[in-house]
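A structural walkthrough
Single-letter residue listing:
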Amino acid sequence: MVLYTAGLNIIDCSTIRQWVTASASYKTTITSPNYPFNYDNNLECAWLIEVDSDISFHGYIVKVTFNDFKLELSDPPCTNDVLKFYDGMSSLSGLLGGYCDTHHPEVIYSTRQYLYVKFHTDAYYYDLTNKGFSFSFSAVKQEEAAGICRSTDGSNKVRSLIGTSGTFFSPNYPVPYPNDVRCIWTISVPAGKRVKLTFEDFDLDKDFVTCDYQTEKIDYVQIRDGQVSEVKSLRFIADTRRQGL
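Residues numbered from 1 in each chain as written. Predicted model: local features only at pLDDT ≥ 70, side-chain atom pairs only at ≥ 80, totals over all residues. Heavy atoms only, no water.

The chain is annotated in an unreviewed UniProt entry as CUB domain-containing protein of Desmophyllum pertusum.

Structure, rendered in structure tokens:
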């Protein structure tokens, strides 16, 4: 199967949500109104993305990647113009994330066949807007998102990564992760092989006393030599400046 890109610019910004289909064979693109020129103030746009009905019962979910993203800068963040993603059919579903300014995650996955997207801009007509956004979506197998840690998953969920190589990251990366999140991964490689971890980026909250103060009151990454929490700790990392990563 060859993956190709089909461009679809949905610019009708009525309050009625627009229903679009995520295919496993090609990518579809949604942009903000007027993109790449500035969008207007006082907008409410909504899209409901659904996995193609032919594959929706075969373990497929929605995957989103960003092509471009630049919304109005606000302080506090995301109080003016914001793009939100919900894990379901409406804004009553679980919030996967709300993004503004130029900050967005590398990728967004739904957990089932629906993803609801809402774009809001404030009503202050004297405010400056920006060029907006362009993102692409498609349907992928659930296994592709096996390593994704979400703040809504619960603290005891274990994500299993299997294979000879891969990548995983903190929730919403490179957007700052939320508070009160606990992510657990187990990594399994073929027999006779060892696991090598390489950090490509590392930036945690540095408001702590010492790395010996190993409690839930600080942000840290802990690496253990096995598949359960009782095995030997290989590394406890809470500050790149002290750990020399």
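**Here's the deal with the pairing of strand β10 (residues 132–141)**
Just so we agree on the cut-off: The cut-offs for exposure are 20% and 50% of the maximum accessible area for each residue type, with area from a 1.4 Å probe on protein chains only; residues under the lower value are buried, those over the upper are exposed, and the others partly exposed. Secondary structure follows DSSP: runs of H or I at least 4 residues long count as helices, runs of E at least 2 residues long count as strands, and numbering of each begins at the N terminus. If DSSP finds at least two bridges between two strands, the strands pair.
Counting buried positions over the ten residues of β10 gives nine, a clear majority of the element. For strand β3 (residues 26–31) and β10, the ladder comprises four bridges, and the chain directions are antiparallel. Within β10, the residue paired with Thr31 across the bridge is Ser134. Sheet analysis places strand β5 (residues 60–70) next to β10, joined by ten bridges and oriented antiparallel. When the sheet's bridge partners are listed, Tyr60 is paired in β10 with Lys141.

**Quick look at the side chain of Ser32**
Operational definition: Contacts described as polar in this section are N or O atom pairs within 3.5 Å, which, within protein, must combine one atom able to donate a hydrogen with one able to accept it, while residues neighboring in sequence count only if both atoms come from side chains.
For Ser32, the position within the fold is in the loop between β3 and β4 (44–51). Side-chain polar atoms of Ser32 contact the backbone nitrogen of Phe133, separated by 3.0 Å.

**Describing the state of the cysteines**
Convention followed: Throughout, a disulfide means two cysteine sulfur atoms within 2.5 Å of one another.
Taken as a whole, this structure holds two disulfides when the rule is applied. The disulfide partner of Cys78 is Cys100, and the gap between their sulfur atoms is 2.2 Å. Of note, the bridge from Cys78 to Cys100 carries an S-S torsion of about -90 degrees and is left-handed in sense. Within this pair, whereas Cys78 is found in the loop between β5 and β6 (82–87), its partner Cys100 is found in the loop between β7 (94–99) and β8 (107–109), the two being separated by 22 residues in sequence. Residue classification places Cys78 among the partly exposed residues on the basis of a relative accessible area of 27%. The exposure class assigned to Cys100 is buried, which follows from its relative accessible area of 6%. The side chain of Cys149 participates in a disulfide bridge whose partner is Cys183; the two sulfur atoms lie 1.9 Å from each other.

**A word on the sheet that holds strand β2 (residues 18–22)**
The condition that has to hold: To obtain an axis, a line is fitted to C-alpha atoms, over the contacting stretch when the element is a helix, and the angle between two such axes runs from 0 to 180 degrees between their N-to-C directions.
Pairing is mixed in the open sheet, where five strands are placed in the order β2-β4-β9-β6-β7. If you trace the sheet from one side to the other, it starts and ends with β2 and β7, each paired once. Geometrically, the sheet is characterised by an average inter-axis angle of 20 degrees between neighbouring strands, direction not taken into account.

**Things to note about the packing of aromatic side chains**
The cut-off we apply is this: Side-chain rings of Phe, Tyr and Trp, where Trp is taken by its six-membered ring, are said to pair if the distance between their centres is within 6.5 Å; with planes under 30 degrees apart they count as stacked, over 60 as edge-to-face, and otherwise as tilted.
Tallied over the full model, the rule gives 14 aromatic pairs. Where Phe119 meets Phe133, the ring centres are 5.0 Å apart and the plane angle is 85 degrees; that geometry is what we call edge-to-face. One end of the pair, Phe119, is in strand β9 (residues 114–120); the other, Phe133, is in strand β10, with 14 residues separating them in the sequence. Of the residues examined, Phe119 reaches a relative accessible area of 0% and is grouped as buried. What makes Phe133 buried here is its relative accessible area of 0%.

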